[in-house]
There are 2 protein chains.
Amino acid sequence: MEELKEAIRTRGIGIGMDVVKVDSFLNHRIDVDLSTKMGQAFREAFKGEDIDCILTVEASGIAVAITTAQAFGNVPVIFAKKGDHKNVGSDVYTADVFSFTHGTMNTVRVSRKYLPAGSRVLIIDDFLANGEAIEGLRSIVEQAGCTLVGAGVCVEKGFQPGGEKLRKEGVKVVSLAIVDAIEDGHVILRDD
Amino acid sequence: MEELKEAIRTRGIGIGMDVVKVDSFLNHRIDVDLSTKMGQAFREAFKGEDIDCILTVEASGIAVAITTAQAFGNVPVIFAKKGDHKNVGSDVYTADVFSFTHGTMNTVRVSRKYLPAGSRVLIIDDFLANGEAIEGLRSIVEQAGCTLVGAGVCVEKGFQPGGEKLRKEGVKVVSLAIVDAIEDGHVILRDD
């Protein structure tokens, strides 16, 4: 998606060999116009698919999950919660997810009642690197007896294995921008 | 706001004396149509005010912060991060916030560069109980030399002191629904 790529080119910062800092528009300060357009781009990419709900994980996936849900005519968004949430209760699906950013293992939880069996689920997240978060959400979709329509991510790190692994396993993964490398602080995008 | 009140009446659950469970439409599964309309209601309530950005805190404030930002013509949303985030860096404003739900103290952080001095900031959050989260965000707004236009919250617990305290201190607080009590599992709304 050209507008996201342009934002990454002009406002993204590469750090070291593998960090893509996009917190000026994606995951700390949110460019709401861009977020709305990314939702429409996911709608276009999954056109013709019936979607019953969108599944993401707190926190930085929520914004684009909402705008994608709006583009799909206001389907509900369910966001998986991290940690031991009092509010979630015990009747939950869980998955263990390793966080690349924080170097920690998190358990993510979704109340069973919000994923009725048979639902057609679209996973949305801001980043895809090693694929741990999306694999965790995918496991929850399977535990619930739902159908995974696909996964839409804003930024895929093409030099980490998550995207390739998911596609090999038959998941339709749509990335709005793919980063191929970080070189001297510059973010090198695929197709640039 | 009548639609939110109706959602609380029909889908909200009161637990014990003080817990209002609205995770079927507000803070785990999100009713995106309602969220969009709540954003418009905040726009209406703060009509005539110049707003440069919206400030919230992860995670469950993000959805309605985004829809409010859309209603204000796509102003940026900044969400304060909890915990020690690698991604945020050290050049941050911080505030300590006690979580009513989890019984823990969290430090929330906002990168200094996303709150330029003089900005007019609207705080948005899903809940207002003891007011700790909003007081924390307010402290960050002050540290940044910004102007607090007001605070919009979806659900205020009128039987806890946060709303009254903030209003006494001169903050314009707009709550779309105020819960006055929990009685036998029922949520008693003000003006009902």
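See the structure above.
In this report, the structure presented in the accompanying data block is examined.

A few words now on the relation of the copies chain A and chain B. In this arrangement, two copies of a chain are superimposed by a rotation about an axis accompanied by a shift along the axis. Each copy of the sequence occupies a distinct position, and chain A is placed on chain B by a rotation of 180° and an axial shift of 0.0 Å, giving an RMSD of 0.0 Å. The superposition operator between the copies reduces to a two-fold rotation axis. Considering only C-alpha atoms, the residue of chain A closest to the rotation axis is A:Ala59, which sits at 2.5 Å. Most of the interface of chain A is mirrored in chain B: 100% of its interface residues are interface residues there too.

This next bit is on the pairing of strand S4 (residues 53–57) of chain B. All names here are of chain B. The buried fraction of S4 amounts to five of the five residues, a majority that puts the element mostly inside the structure. On S4, burial covers both faces: Cys53, Leu55 and Val57 on one face and Ile54 and Thr56 on the other are all buried. In the sheet, S4 pairs with strand S8 (residues 120–128) via three bridges, with the strands oriented parallel. By the bridge assignment, Leu55 is partnered in S8 with Ile123. The pairing of S4 with strand S5 (residues 77–82) spans four bridges and is classified as parallel.

Moving on, we come to empty space enclosed by the protein. Taken as a whole and assessed by the stated rule, the structure comprises two cavities of 30 Å³ or more. The volume enclosed by the largest cavity comes to roughly 40 Å³. The wall of the largest cavity is formed by A:Phe25, A:Leu26, A:Ile30, A:Asp31, A:Ser35, A:Met38, A:Ser60, A:Ala63, A:Val64 and A:Asp126. Going through the elements one at a time, helix H2 (32–45) and helix H3 (62–71) of chain A are the ones with two or more residues in the lining of the largest cavity. The residue inventory of the lining of the largest cavity, partitioned by class, reads six nonpolar, two polar and two charged. Taken as a whole, the second largest cavity spans an internal volume of roughly 30 Å³. Elements supplying a minimum of two residues to the lining of the second largest cavity: helix H2 (32–45) and helix H3 (62–71) of chain B. Tallied by class, residues from the lining of the second largest cavity come to five nonpolar, two polar and no charged.

We now examine the nonpolar core. Among the nonpolar cores identified, the biggest contains 80 residues, and A:Leu4, A:Ile8, A:Ile54, B:Leu4, B:Ile8 and B:Ile54 are the most heavily contacted of them. Other than its neighbours up to four places away in sequence, A:Leu4 contacts A:Phe25, A:Leu34, A:Met38, A:Cys154, A:Val155, A:Leu176 and A:Ala177.

Cut-offs applied
- Residues numbered from 1 in each chain as written.
- Chains lettered and ligands numbered in written order.
- Predicted model: local features only at pLDDT ≥ 70, side-chain atom pairs only at ≥ 80, totals over all residues.
- Heavy atoms only, no water.
- Least-squares fit on C-alpha atoms with pLDDT ≥ 70 in both.
- Contact = heavy atoms within 4.5 Å.
- Buried < 20%, exposed > 50% of the residue type's maximum accessible area, 1.4 Å probe, protein only.
- Helix = DSSP H or I, 4+ residues; strand = E, 2+ residues; numbered from the N terminus.
- Pairing = 2+ DSSP bridges.
- 1 Å grid on protein atoms, 1.4 Å probe; cavity = no way out; pocket = protein on both sides within 12 Å on 5 of 7 lines; lining within 4 Å.
- Points joined across faces, edges and corners; volume = space filled by probe spheres on them.
- Nonpolar A, V, L, I, M, F, W, Y, C, P; charged D, E, K, R; others polar.
- Core = buried A, V, L, I, M, F, W, Y, C linked by side-chain atoms within 4.5 Å.

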